[in-house]
Structure formats: structure tokens, C-alpha cells
Amino acid sequence: MSTSTPKPQPEIRAAPRTWKSRGRLLGMPISVLAIWAALYIAASAVPALPVPGMAGMITINAIMTAISGMVLGPGAAIANAAGGIIAMILYPYGFSAGPLGFLTVTMGGLVAGLLFANKWVLAGILEILIIGSWFVNPQSWQTGMWLVPLPYSLIALLVIFIKPLRDWVRTSILTLHKVWLWPAVFLMCCVGHAGEFMMTNTMVNWMFNLSWQYWVPTLPYWIMVDTVIIVVSTFVGVGVLIGLRKARLPQYADWLEK
Amino acid sequence: MIGISSGARRTPLNGLDGRTKLIALLTIFILALVFSSPYYILGLLALVLTTWAIARLPWKLIKDILKFFLIIAVIILVVQIFFYPGETNLFRLSGPIGFIGFSGYITLEGIMFGIAMVLRLVVIMIVAPLLVLTTPLPEFMLALVKLKVPYRFAFIMTTALSLLPSIQSHSAIIQQAQLCRGITDFETGRLLTKLRTTAGLLVPLILGTFRDSQTLDVAMSSRAFGAPVKRTFLLESHFCPTDYIILILAILFLLGGVALRVLGYGTL
């Protein structure tokens, strides 16, 4: 019985295991992004504030958008977009910009997520683009229209561009500082929410050509609504960040630490 | 709440490819934004309503959707009627009120523009459900993937939707637990109290579902999610002749609409 020499087999090499091949997107596991998107849809079903003068309702998903950047990093944009598209279809009363309404929550998550990932230049460019797109509309050059983006967008710009403030906010959140965590989360929620509401305002203004006679008188009301959302988001955000750390559940801060 | 199509009802719209419907939806959406003449937008609305009838969708749904947008519709109408800078004065209400920018006259252009904006709102709000209610979710996702939307994104959407019932049941359990502790402000409390109790609902809900994500992660890894292989799909979609006809019509409508707008039609 003779034995033949076996043919040399091509060497089989496993594909390199990158973060991408392990089912991650922008540093976060896809499973977590999917869970967040599902949470986002569920939150969109809960009307929080009836909004006189604006389409439908402000729903609890505004809170989810505000805190998403801190929890998911830039991946928040993907999770919010996925959740936003479905939520817009299932619960359309929370989206005043119609089929493109998901862009608003995407931008909110993206700006806050990039800032939290310390990609502040990108976050700053996006925030400026969002604010700039408001002023591209000729309607926005009318009396007092410059006031509309001012309150929380200004805070967002300060947090993004002033290095000591930015570093302090990020460090306080990453270390879960006992005292400074609260104001830091508040400021981060301002960034997330500012991205969302300015994008919404800009889109609504382009679509329905609303003049200063609508925007300026209702501004105090909008500031009140935004403040309530950001304060509640701060409470939720602090609870979630501490809870995730204590339970050793995945969050973007782990990825940053790695 | 609007449900996603189960695909049980067979109408001509259900037979179309998801991509065709997505492109048609985008066309109508863009045209609604391109035109600012009420006549042209009325034409679009007629098209959408005809499609709604062909799809045999319940008319009550339109009413349900629009009731959420009634207030903004009234406000848009009023703002445009009073403040749109028109030239054809219809009647005088008062003298000019400078500090609110009111000329004192109601103009024809103001009324027409107000009506156009309200019609635009209606078209924009009812066109998306038209797509979704006639497209079963798997087909919708397949259409997204075929339109080169990254598979991972489509996967997140599909998974999110399938997890939704479980999250809603989680939420109900947490609410029951809070009720047992004497917190009853979910439904009846004042606004601020309701928002405060929302925090008590959201934090455990987010933490609980994040814990579940670990299981999902293991399941995905064990099935080699993200392995560099060519994906195949259980469902396959192909264009049929009707799809081609609708696609060609949609492109013609879009190009025609943009051309009309460039030539100065479709605007006030």
C-alpha cells in the first residue's frame, strides 16, 4: 500500500478580528445600539408635553436624545436614527418635520456623542452648520429671529469650543464625580438637546415658512419647554450613567477608557 | 398608534417592491416642498388620497394623524394670512400695526400661501404611513438594504422593532412595581410630577434592557455576526413591470416638477 504525498493545502487564515468584525459600530456593540433604538421607539409612544403652536407633542424621546451622546458616544447618531425612523412611522405625532424628522434626533445624538468622544472639532463644525442652516433661510433675518437659536445653542457652543469647560465636563462624566457630575451632565444634555431642537426649528422653518411673528412671541415658551426637558434629562442621565457603571454594563465611557 | 403592515391585505400597492414605494414617497415629499402654490399641492394631495383609496387603508387613520397637527395647521394659516407680504388687498382689518409687522390688510396672496402651507403639512404627514402600511417590515428592511443602506443599520432597525414588545412589557412591569410603592403620578399627576416620575421609570428601564443586550450580544457573536462573508436573504425582491412604470412616472414627475418650478410655475 502506497501513500501519496498530500497536496499542499492553502493556508487558511481567520479574518482579523477587528472591532468591526465583532459586531461593533463606532465603538459600541450593535446589540446595545439596537436596544437603544428599541428604547427610543418605546419612549416615542409616551407624550410628555402637549405643544401649543407646534405639531403634536414633545415625547419622552427628547430625553433619550439628550442623554444618548453620553451613553453611546457617536454611535448615538445611528441608534437614534434607526429608532427615529421607526418611531416616526409608528408614532408620527412626535415628529413635526415629517419623513425627515429622524434627522433631528440623529444630529442631536451625533453632536453630543462626538463631543463626548473628544472629537470636538467635528462636533463644533456640525453645531455651527446646524445653527448656520437656520440663518440661511431669509425668514431668519427678520426682527428678533437671531434670538431663537440663542439660549441653548450658545451653551452648546461654549461647551464645545472652550477647552477647560469641555475637559471638565468630559472628565466629570467619565469619573462620575460626586458633585460635578450633575452640572456636567446638564451641560452635555444642553449640547444634545440644542442639536435636536435647532435642527427641528430649521426644518420646520424651511417647510412651513414661519415668520418672526410666530417664533419671537413663543420663544419664552420654548425656553421653558427646553429647560424642563434638559433638567429631566439630567436626572435620567445621572441615574443611567451611575447605574451602568455599577452594573458593569456597556457604555461608551468603557470604550474611551480602553 | 399606527401599525406596520402585516401584509395580510392584498392590494395593488402591497405587490409593489419596497424600493419603488420609497422612491415614490421621496418624490412626493420633494414635490410638496418644491411647490408653494395651493393648486399644485392640492394636485399632490389628490394623488396621495387616490393612492390611499387604492391601498384600501382606513380613512379614519388620516383623521387620527391630522388631529395631532390641527393646532399647528391653524397657526400656520393664521400667521401666513396676517403676515405674508401680499400685494392684492382683499379687505382692511385695521390700520398698520408696525410692532407686530401687520399691514392692516388681508391679502389674497397671504390666504393662498396659508392654504398652500397647510396642504403641504397634510401631504407630508400622510404620505409616510401610506408607504409603511402597505409594506411588511421584512420587505421594508430588504428595500433599505437593496438601496445600499448598510446592513448593520437595517439590522439595528429590525432588531429594535422585534425588541419593542419586550421593552414595553418591561416598562409595564416597572410601572406596576412603582405603583406598588405608592407612586401613582404616571397618568394623573401634574406635568412636572409626571416628568419626575418618568425619570423613575426610564432609569430602571434603560438599565434592565442594557442587561438584556448582553444576551443579544452573545447570540450575535455565536452566529458570527459581522463575519466577512457575502450575505444572502430569505426574502428576495424583484422589480415587476408595474414597478418600472411607477419608477419612470415618479422620475418624470420629479423632473417635471423641478422644471416647472425653475420656469416659475407652482409658486405664488
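Only a predicted model underlies this, so the values are computations on that prediction, with no experimental measurement involved.

### So, the packing of helix 1 (residues 30–44) of chain A against helix 3 (residues 75–90) of chain A
Residues and elements named next belong to chain A.
- Interaxial distance between helix 1 and helix 3 falls to 8 Å at its minimum, and their mutual angle equals 40°. By the angle between their axes, helix 1 is oblique relative to helix 3. Judged by the twist between their axes, the crossing of helix 1 over helix 3 is right-handed. Note on element contacts: helix 3 touches helix 1 through G75, A79, N80, A82, G83, G84, I86, A87 and L90, opposite L33, W36, A37, Y40, I41 and S44.
- Its residues assigned to classes, the contact of helix 1 with helix 3 comprises 10 nonpolar, 5 polar and no charged.

### Observations regarding the packing of aromatic side chains
Residue and element names in this part refer to chain A.
- Within the structure shown, the criterion is met by 16 aromatic pairs over all chains.
- When the ring of W168 is compared with that of W180, the centres are 5.9 Å apart and the planes differ by 65°; the resulting orientation is edge-to-face. Residue W168 is located in helix 7 (residues 163–174), and its partner W180 is located in the loop between helix 7 and helix 8 (181–208); the two are separated by 12 residues in the primary sequence.
- Judged by relative accessible area, W180 falls into the partly exposed class, the value being 42%.
- Considering the side-chain rings of W182 and F235, the 5.4 Å spacing of their centres and the 70° angle between planes classify their relative orientation as edge-to-face. Taken together, the positions of W182 in helix 8 and F235 in helix 9 (residues 212–246) put the pair 53 residues apart, joining distant regions of the chain.
- A relative accessible area of 47% means that F235 is categorised as partly exposed.

### Description of the pattern of salt bridges
- Counting across every chain of the model gives 3 salt bridges over all chains.
- Here K163 of chain A and D167 of chain A are joined by a salt bridge, their closest N and O atoms 2.7 Å apart. Within this pair, K163 of chain A and its partner D167 of chain A are both found in helix 7, separated by 4 residues, close to a single helical turn.
- In this structure, the salt-bridge partner of K60 of chain B is D64 of chain B, at a minimum N-O distance of 3.2 Å. On the criterion of helical spacing, the pair formed by K60 of chain B and D64 of chain B is a turn pair, its members being 4 residues apart in helix 3 (residues 59–67).
- Residue K60 of chain B is classed as exposed on the basis of its relative accessible area of 56%.

### Some points on the environment of E236 of chain B
Residue and element names in this part refer to chain B.
- Following the sequence through the fold, E236 ends up in the loop between helix 8 (191–222) and helix 9 (241–262).
- In this structure the C-alpha to C-alpha distance between E236 and L142, which are 94 residues apart in sequence, comes to 7.8 Å.
- Non-local contacts of E236, meaning those with residues more than four positions away in its chain, are made with L142 and K146.

### Section: the interface of chain B and chain A
- Counting from both sides, the interface comprises 61 residues of chain B and, opposite them, 70 residues of chain A.
- Summing both sides of the interface, chain B and chain A together bury roughly 5,600 Å²; the carbon and sulfur share of this comes to 82%.
- Our enumeration of links across chain B and chain A arrives at 0 salt bridges.
- Summed over the shared surface of chain B and chain A, the result is 5 residue pairs in polar contact (both at pLDDT 80 or more).
- If you list the elements that add at least two residues to the side of chain B that touches chain A, you get helix 1 (18–34), helix 4 (70–83), helix 5 (108–133), helix 7 (151–180) and helix 8 of chain B.

### Digging into the domain arrangement of chain B
- Under the domain assignment, chain B is made up of domain 1 (18–135 + 240–262) and domain 2 (146–222).
- On a C-alpha basis, the centres of domain 1 of chain B and domain 2 of chain B stand 35 Å from each other.

Rules of the game
- Residues numbered from 1 in each chain as written.
- Chains lettered and ligands numbered in written order.
- Predicted model: local features only at pLDDT ≥ 70, side-chain atom pairs only at ≥ 80, totals over all residues.
- Heavy atoms only, no water.
- Axes fitted to C-alpha atoms, helices over the stretch in contact; angles between N-to-C directions.
- Helix = DSSP H or I, 4+ residues; strand = E, 2+ residues; numbered from the N terminus.
- Parallel < 35°, antiparallel > 145°, perpendicular 65-115°, else oblique.
- Left-handed = near helix turned anticlockwise from the far one by under 90°.
- Contact = heavy atoms within 4.5 Å.
- Nonpolar A, V, L, I, M, F, W, Y, C, P; charged D, E, K, R; others polar.
- Phe/Tyr/Trp six-rings, centres within 6.5 Å; stacked < 30°, edge-to-face > 60°.
- Buried < 20%, exposed > 50% of the residue type's maximum accessible area, 1.4 Å probe, protein only.
- Salt bridge = Lys/Arg side-chain N within 4 Å of Asp/Glu carboxyl O.
- Buried area = accessible area lost by both parts, 1.4 Å probe.
- Polar contact = N/O pair within 3.5 Å; in protein donor to acceptor, adjacent residues only side chain to side chain.
- Domains from an automatic or database assignment.

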